[in-house]
Amino acid sequence: MRPPCEIVVWYVIPSIRSELAKELLNLGMKQKEISELLDITQPAVSQYISDKRGHGIKFTDDIQKLIRQFAIDLKDGQLNQSDIISRICDLCRKIKTEDVVCQLHKEKDNISVNCNACMGSNADHHTEP
């Protein structure tokens, strides 16, 4: 069984990158510029744009709006590396509250429907003693 964070790494982050690359392309940026901005290879950008990578998640309109604004801020040079990391983490947290990670975890692994390990909106948050 994979932990929820592995689901985020394999599915959520690539989907965020895919949507971000598409938004940046729509804003007039070239694939090479996008690759430099996102610190990924140009072939990776091409795969994100063509839905060969990172296309498994359908985000809500609210998440799409956040990604669109993220792309605008990136293109306008308003974000430093720390800001970029924070934005991606913020997006992941918001996506978790929509139970996307839980649904993916249940689809990709044989997880009980009663599992709350992904800490989605209905999860009980446990702390260690």
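One structure accompanies this document, and this report is about it. Computed from a predicted structure; not experimentally measured.

## Some thoughts on the overall build of the protein chain
Alright, step 1. On a plain count of helices and strands, the protein chain comes out with six helices and zero strands.
Alright, step 2. The burial tally for the protein chain puts 37% of its 129 residues in the buried class.
Alright, step 3. Across the protein chain, the fraction of contacts at a sequence separation of at least 24, relative to all contacts at a separation of at least 6, is 63%.
Alright, step 4. For the protein chain, the computed accessible surface area is about 8,100 Å², with 49% contributed by carbon and sulfur atoms.

## Quick notes on the environment of Lys-96
Alright, step 1. Checked against the element boundaries, Lys-96 lands in helix H5 (residues 81-97).
Alright, step 2. A relative accessible area of 25% means that Lys-96 is categorised as partly exposed.
Alright, step 3. Sequence separation between Lys-96 and Pro-4 is 92 residues, and the spatial gap between their C-alpha atoms is 9.8 Å.

Parameters at a glance
Residues numbered from 1 in each chain as written. Predicted model: local features only at pLDDT ≥ 70, side-chain atom pairs only at ≥ 80, totals over all residues. Heavy atoms only, no water. Helix = DSSP H or I, 4+ residues; strand = E, 2+ residues; numbered from the N terminus. Buried < 20%, exposed > 50% of the residue type's maximum accessible area, 1.4 Å probe, protein only. Contact = heavy atoms within 4.5 Å. Areas by Shrake-Rupley, 256 points an atom, 1.4 Å probe, with all protein chains shown as cover.

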